[in-house]
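Structural features, examined
Listed here are the chains, written in short residue letters.
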Amino acid sequence: MAGTGDLRLAPEELRLTVDPARFRFQKTDEVAPLEEFVGQERAIRALEFGLSVERPGYNIFVSGLTGTGRTSAIREYVRRAIARQQEAGATRIPDDWCYLYNFRDPDHPQAIRLPAGEGRRLRDSLRELLENAQAFIKRAFSSEEYEQQRRELIEVSQREAQRLMEQAQQQAQAAGFALRFSPMGVTIVPLIGGRPATPEEVASLDPIMRRALEERQRQVSEAVNEVGERLRALEQELVQKLRELDRQVGQAAVDALFRQAIASFQQYPQVVSYLEELRSHTLANLDLFRADQPPVPPVPRPSPEGQVDPFLAFRCNLFVDNGRAEGPPIVIETNPTWSNLFGRIERKAYMGTYFSDHTLLRPGAVHRANGGYLILDLNDLVTKPGSWEGLKRVLRTGQVRLEDPMEGLGLLVPQGLRPEPIPVQLKVIITGDPLSYFLLSTYDPHFWELFKVKADFDYQIPLTDETVGLYARFVSSCCRDESLRPFQADAVAKIIEHASRMVEDQEKLTARFGQLRDILVEADYWAAQEGSEVITAQHVYRAIREKYYRLNLVEERVRELISRGVIMVDVAGQVVGQVNGLAVLDMGDFSFGRPSRITARVFLGQRGIVSIDRESQLSGRIHDKGVFTISGYLGWKYAQERPLSLSASVSFEQAYEPVEGDSASLAELCAILSAVAQVPIRQDLAVTGSVNQKGEVQPVGGVNQKIEGFFEVCRAKGLTGTQGVIVPARNRRHLNLREEVVEAVRQGQFHVYAVETVDQALELLTGLPAGERQPDGSYPEGSLNALVDARLREMGEALRRAGRPREREEAEEKEETPQPEGKEQAS
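Worth saying up front: this structure is predicted, and the values here are computed from it rather than measured. (Residues numbered from 1 in each chain as written. Predicted model: local features only at pLDDT ≥ 70, side-chain atom pairs only at ≥ 80, totals over all residues. Heavy atoms only, no water.)

Structural notes on the packing of aromatic side chains
Quick note on the threshold: Only Phe, Tyr and Trp rings take part, Trp by its six-membered ring, and two of them pair if their centres are within 6.5 Å. Stacked means planes under 30 degrees apart, edge-to-face means over 60, and tilted covers everything else. The rule is simple: take the accessible area with a 1.4 Å probe, protein chains only, and divide by the maximum for that residue type; under 20% is buried, over 50% is exposed, in between is partly exposed. Charges are assigned to positions over rings by a cutoff of 6 Å between ring centre and Lys NZ or Arg CZ, combined with an angular limit of 35 degrees from the ring normal.
For the structure shown, the criterion picks out 28 aromatic pairs. Here the aromatic rings of Tyr525 and Trp526 are separated by 4.9 Å at their centres, their planes lie at 75°, and the arrangement is edge-to-face. The exposure class of Trp526 is buried, given its relative accessible area of 13%. Here the aromatic cluster, defined as three or more aromatic residues joined through ring pairs, consists of Phe61, Trp388, Tyr437, Phe447, Trp448 and Phe451. The residue whose ring lies beneath Arg121 is Phe265, and the NZ or CZ to ring-centre distance is 4.1 Å.

Here it is as structure tokens:
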């Protein structure tokens, strides 16, 4: 039998202890602040590679837990990549983008690309061009020369019209008629005796004279119609001459302005084409410039004649302005909705309807990051409808379209503009967790094509002299950035110990510096409360304990229920088929260990191991695997010469939530063997660990919370000096217990045992030697395995005896049953 002293762990093995003397400083203000990133060489190399490759698809997925410095590293190395480009002279300021009025199709605004700063110049030039055109045209049409030419044209036309009307009047009088001109037309009145005749007088005429009068009236009417057509043609001719006069005057007024504007943008063909169309548009709509207050059309329409803004064609929407940029943009979008990513088309309400135009187009993060870097968080991205699919479409097509997201849902939207798409070339960097990366790479067929670089940030780093020094520099940088008091060397040592506990590994430190920063800030608060000028180890310890106290309300309630006997857990005595198992309850931001009573009962039968939790559908797959592993171990250990005749039930008592994991398989196996051998188990010990089919104890997670959970229950019920926890020996390096637990071990009030096999755990729990299998297949007399083997033999024999009468009855029933004709009875 291995002595319990051989398996008991010393207090020094239960937590990492950092000696402050290993530091070469007294306070952190003597240490240079940290400027680099600690322990993320793999991720940094991947970032540098992805940022250096300017090829399609080499976007970057940054994987890792929050608080590992992912976002800070991305910002820093993007800036470094830009700085390297600037040093090599390869950096380029992204271009400006403008949306202008489309004269051919107003619903399809045209996008124009200009060098950085030129977009602002175009916008200001168009504004100035409009102001000058208004002033020049108004002055030209107010001149005496224009009025004189206009009057002359009108007078010439009027004289010609007067001549035609007089000529028609003379012809009518010669035929015996008079002409009366009115806005309604020309009326022909017959004359009798030199005066206009009444209808009665005309009716009283001799029929021959009346027919002659009607014939002359017809001839006069034809002549009058001919004169009317000539008058209308004369009026149209006047209108054309006045328009031509206006066009000549307007062209003379604005021609120099447009020539100057075109000359200033002659190196940009798209702008020149637009300005030429704008000049034609201006000359065709001179009335808008001549009036003091341009008339507002009653119904807004996207056409030159129907805009709420009559000078919409002169408006330049400076969509993306990089005039003040010093290098490629770095855009971090924290709310990647469709509109925030891909822009939006705003609308205005007018007289019960909605309208839009190119001046109401707004850019998104993709437009602003064009030519640079766009940083997004996957969790934010996938929760916004359409954003992930839209981003993939942008990366595949290399262009971004301004679209209404409601159209993709099949809904009707008022007056849908279709702006020209803008080509984009940018580097997209997405942060996410490892599980999301796995799911996307497995189920999204386009993910591999679009994100070819993975930068994996580890959540833990090795504990070395170098990393310890870097940790001290990290604390120094936090003191500088957060304006904290300096930390003494013992406080830094306490921070490193806590960092090791966070990853449950005495040879590792956490890389989640965001959570450590919170501890530093809280320690500074407690130092301020005590009026201390420096932060000591005591302040760090208090910050950790206060945070623990804020979160452990549920743990206290569970411990209270155990202390009052509502949840039944024994911490003293011995019981057959009953053991204290340990589980971890995860509350999200806090987890704690909870002891649970595990019981086993055995009886005759051949059902094997039955988990009550599994039969109740309260267990997970991993737990079920652990139960099957127990069955495999029992068969290997005790059924080499005969079948295993055993039925056993095992259950987590008072467990009404799902049970998952195999960390209780060692405790379940010990309870089953205790029930078989009828040997009591110590209740002052709790057990955690999984087993394999060879009886080896395997490491488990949450070992610190489990030990501390049982310790708190024992302390609440009273420490006896014999209580303790059995853990897998392979979990030694994961131990980082709280100081009060280590102190209790040091004083002999509590114990932690590390076992490698099931037999070692059974010896601790029962006080009996386990016993090794002898060459003849038996076990030493008095050993636990001998008791189990003997009991299984007894149960097997009892099962066979119980089965023989039944076999005889079945045989007699077969003999008495008549056989059908033509069939021989089986012997």
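This is not the end of the story, as more comes after the structure.
Describing empty space enclosed by the protein
Note the cut-off: Cavities and pockets are defined on a 1 Å grid built over the protein atoms alone: a cavity is a set of grid points where a 1.4 Å probe fits but cannot escape, while a pocket is an open set with protein on both sides within 12 Å along at least five of seven lines, and lining residues are those with an atom within 4 Å of any such point. Grid points are joined across faces, edges and corners, and a volume is the space filled by probe spheres set on the points. Each helix is a run of DSSP H or I of at least 4 residues and each strand a run of E of at least 2, with the numbering of both proceeding from the N terminus. Amino acid classes used here: Ala, Val, Leu, Ile, Met, Phe, Trp, Tyr, Cys and Pro are nonpolar; Asp, Glu, Lys and Arg are charged; the rest, including Gly, are polar.
Scanning the entire structure with this criterion turns up 5 cavities of 30 Å³ or more. As for the largest cavity, its lining consists of Lys637, Tyr638, Ala639, Gln640, Glu641, Arg642, Arg773, Gly777, Tyr779, Asp789 and Arg793. Contributions of two or more residues to the lining of the largest cavity are made by helix 23 (621–638) and helix 28 (784–816). Across the lining of the largest cavity, the residue classes tally to 3 nonpolar, 2 polar and 6 charged.

Here we look at helix 3 (residues 70–87)
This is how the line gets drawn: Expected helix span is computed as 1.5 Å times (number of residues minus one). Taking the helix axis as origin, the arc is that swept by the directions to the C-beta atoms. The criterion used for residue contact is that any of the two residues' heavy atoms lie within 4.5 Å.
With 18 residues, helix 3 should reach 26 Å at 1.5 Å per residue; the first-to-last C-alpha distance of 26 Å fits that figure. Looking at helix 3, one finds that the buried residues are Arg70, Ala73, Ile74, Tyr77, Val78, Ala81, Ile82 and Gln85. Viewed along the axis of helix 3, the buried residues span an arc of 165°, placing them on a single side of the element. Buried residues along helix 3 sit in contact with helix 2 (41–52), strand 1 (60–63), strand 8 (330–332), strand 13 (373–377) and strand 16 (427–432).

A closer look at the layout of surface pockets
When its volume is computed, the largest pocket comes out at roughly 1,300 Å³. Lining the largest pocket are 37 residues, and of these His498, Arg501, Met502, Ser591 and Gln705 sit closest to its centre. Of all the secondary structure elements, the ones that give two or more residues to the lining of the largest pocket are helix 18 (489–502), helix 19 (513–529), helix 20 (537–551), strand 21 (578–586), strand 22 (591–603) and helix 25 (703–717). Broken down by element, the residue count for the lining of the largest pocket peaks at 6 residues, all from helix 20.

Remarks on the environment of Leu719
As for its placement among the helices and strands, Leu719 is situated in the loop between helix 25 and strand 29 (724–728). Here Leu719 falls in the partly exposed class, since its relative accessible area comes to 29%. Not counting the four nearest positions on each side in its chain, Leu719 is found in contact with Phe711, Cys714, Gln749 and Phe750.

Digging into helix 20
Compared with an ideal rise of 1.5 Å per residue, which puts 15 residues at 21 Å, helix 20 spans 22 Å between its outermost C-alpha atoms and is within 8% of the ideal. Among the residues making up helix 20, those that are buried are Ala537, His539, Val540, Ala543, Ile544 and Tyr548. Contacts from the buried residues of helix 20 go to helix 18, helix 19 and helix 21 (553–563).

Taken by themselves, the reported measurements are silent on function.
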